[in-house]
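Topology and contacts: notes
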Amino acid sequence: MPELPEVETIARGLDQRVAGDRIESVWVGGKPEPLKSSASEIVSTLEHSQIARVRRVGKHIVVDLGRAAKKVRQKPGNKPDATSKNAQWIVHLGMTGNLIVTQPETELPKHTHLIARLASGRELRFVDPRRFGRLSVVKESGFAAAGAEPLDVGVEIFAGLFRKRKTPIKSALLNQKLLSGVGNIYADESLFRAGIRPRRRAASLTREELRRLYESLQQVLREAIAAGGSSISDYVDSNGDEGYFQFQHRVYQREGEPCLVCETPIKRVVIAGRSSHYCPKCQE
DNA sequence: ACTATTTCCTGGATGC
DNA sequence: TGCATCCAGGAAATAG
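Residues numbered from 1 in each chain as written. Chains lettered and ligands numbered in written order. Predicted model: local features only at pLDDT ≥ 70, side-chain atom pairs only at ≥ 80, totals over all residues. Heavy atoms only, no water.

Looking at the protein's contact with DNA strand C
Taken together, Met-1, Lys-59, His-92, Met-95, Arg-130, Phe-132, Gln-176, Asn-184, Tyr-252, Arg-268, Arg-274 and Ser-275 form the complete shell of residues around DNA strand C. Of what DNA strand C places within 4 Å of the protein, 47% of the atoms are sugar or phosphate. Between DNA strand C and Asn-184 there is a distance of 3.3 Å, counted from a phosphate oxygen to a side-chain nitrogen or oxygen. Class assignment for the residues of the surface near DNA strand C results in 4 nonpolar, 4 polar and 4 charged. (Near = heavy atom within 4 Å. Polar contact = N/O pair within 3.5 Å; in protein donor to acceptor, adjacent residues only side chain to side chain. Nonpolar A, V, L, I, M, F, W, Y, C, P; charged D, E, K, R; others polar.)

Section: the environment of Val-153
You can see Val-153 is positioned in the loop between strand E8 (134-138) and helix H3 (155-162). Between the C-alpha atom of Val-153 and that of Leu-213, which follows or precedes it by 60 residues, the distance is 13 Å. Apart from residues no more than four positions distant in its own chain, Val-153 is found in contact with Ala-148, Phe-158, Tyr-214 and Gln-218. (Helix = DSSP H or I, 4+ residues; strand = E, 2+ residues; numbered from the N terminus. Contact = heavy atoms within 4.5 Å.)

Quick notes on the sheet that holds strand E1 (residues 23-28)
On the basis of which strands lie adjacent, the open sheet formed by 4 strands has the order E1-E6-E7-E5 and antiparallel pairing. Since the sheet does not close on itself, it has two edges, and those belong to E1 and strand E5 (98-102), each with one partner. For this sheet the average axis-to-axis angle between neighbouring strands, irrespective of direction, equals 20°. Relative to strand E7 (residues 123-127), strand E6 (residues 112-118) runs antiparallel, the two being bridged by 5 bridges. Residue pairing in the sheet places Ile-115 in a bridge with Arg-125 of E7. Across the face of the sheet, helix H2 (residues 39-46) comes into contact with E1 and E6 while running at roughly 165° to E1. (Pairing = 2+ DSSP bridges. Axes fitted to C-alpha atoms, helices over the stretch in contact; angles between N-to-C directions.)

Some details on the packing of aromatic side chains
Per the stated rule, a full pass over the model turns up 2 aromatic pairs. Seen in terms of ring centroids, Phe-158 and Phe-162 are 5.1 Å apart; in terms of plane orientation they differ by 75°. Their pairing is edge-to-face. With Phe-158 and Phe-162 both in helix H3 and 4 residues apart, the pair spans about one turn of that helix. Classification of Phe-162 by relative accessible area gives buried; the value is 0%. (Phe/Tyr/Trp six-rings, centres within 6.5 Å; stacked < 30°, edge-to-face > 60°. Buried < 20%, exposed > 50% of the residue type's maximum accessible area, 1.4 Å probe, protein only.)

A closer look at the confidence of the model for chain A
Scored by pLDDT, chain A comes out at a mean of 86, with 86% of its residues at no less than 70. With pLDDT under 50 throughout, residues 69-84 is counted as low confidence; its partners more than four residues away or in other chains account for 13 contacts. (pLDDT = per-residue confidence, 0-100.)

Some words on the protein's contact with DNA strand B
Every residue near DNA strand B is listed here: Lys-110, His-111, Pro-129, Arg-130, Phe-132, Arg-165, Lys-166, Thr-167, Pro-168 and Arg-201. Counting only atoms of DNA strand B within 4 Å of the protein, the fraction found in sugar and phosphate groups is 59%. Within the backbone of Lys-166, an N or O atom sits 2.8 Å from a phosphate oxygen of DNA strand B. Between DNA strand B and the protein, one listed contact pairs a phosphate oxygen with a side-chain N or O atom of Thr-167 at 2.8 Å. Partitioning the surface near DNA strand B into residue classes produces 3 nonpolar, 2 polar and 5 charged.

Laid out in structure tokens, this is it:
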């Protein structure tokens, strides 16, 4: 399941491979598709646009589009249409979504919802079996995530996010309006490293604990990005390669296995409908 | 203004 | 073997 490190890995790979390429035509699947914008809006925005850059914002992949080399004639007084420059294609991968760059001959996977044919002859495909992913376009650049970037935010602002929250710290970490990009894996892993139980009320964390959580979260995200993300279920990067951070998980999906620090069996509880893993001895 | 719960969706695992 | 059931989870919607 793509969280910040996985999305970062995919976005970097895509940027390397398709930046500068041009989208010649777009196919969108026929059935009700995971689209936030209308299908026609997506098609008209993407077609004939150039991919300027691909980057990550929170858990979103942002494709910055430039005007295509081919001039589109505008009548004076007409509002710029969706193909004007600075449009953005926003992709949220949900649980099982992925963007794959491939040759057209490569067999079309089931659950392919969008195909963008590129000037280079390759195809950029959005594939998402579980259909939790979302596609949208914005006509003016300026897409921004609601929450703070965990790797950019300062420790004071980070601590302030949680000061008045009664909700469990685990839920607060997952709240994208506070922080964007943290999902279940890295919430559990950062809480373990910080020695904090997931059920603790966010507001009850001391200054010192918040500082530890801040450091732990940044550390685990950086390590995971360096490892190419965690390949749980079917995550692979835009090259089709698996990440390997799943081998460095200390608590996530390790219920009953010994804590790597103290050998106490790792516990699993459900908090706000999400499974949460922690060491009952190392985390207070 | 917050917080908790439900819903969406499919493939893989489990159970009888 | 086959069929039903459960579970995973991000975020939007709904309820409190």
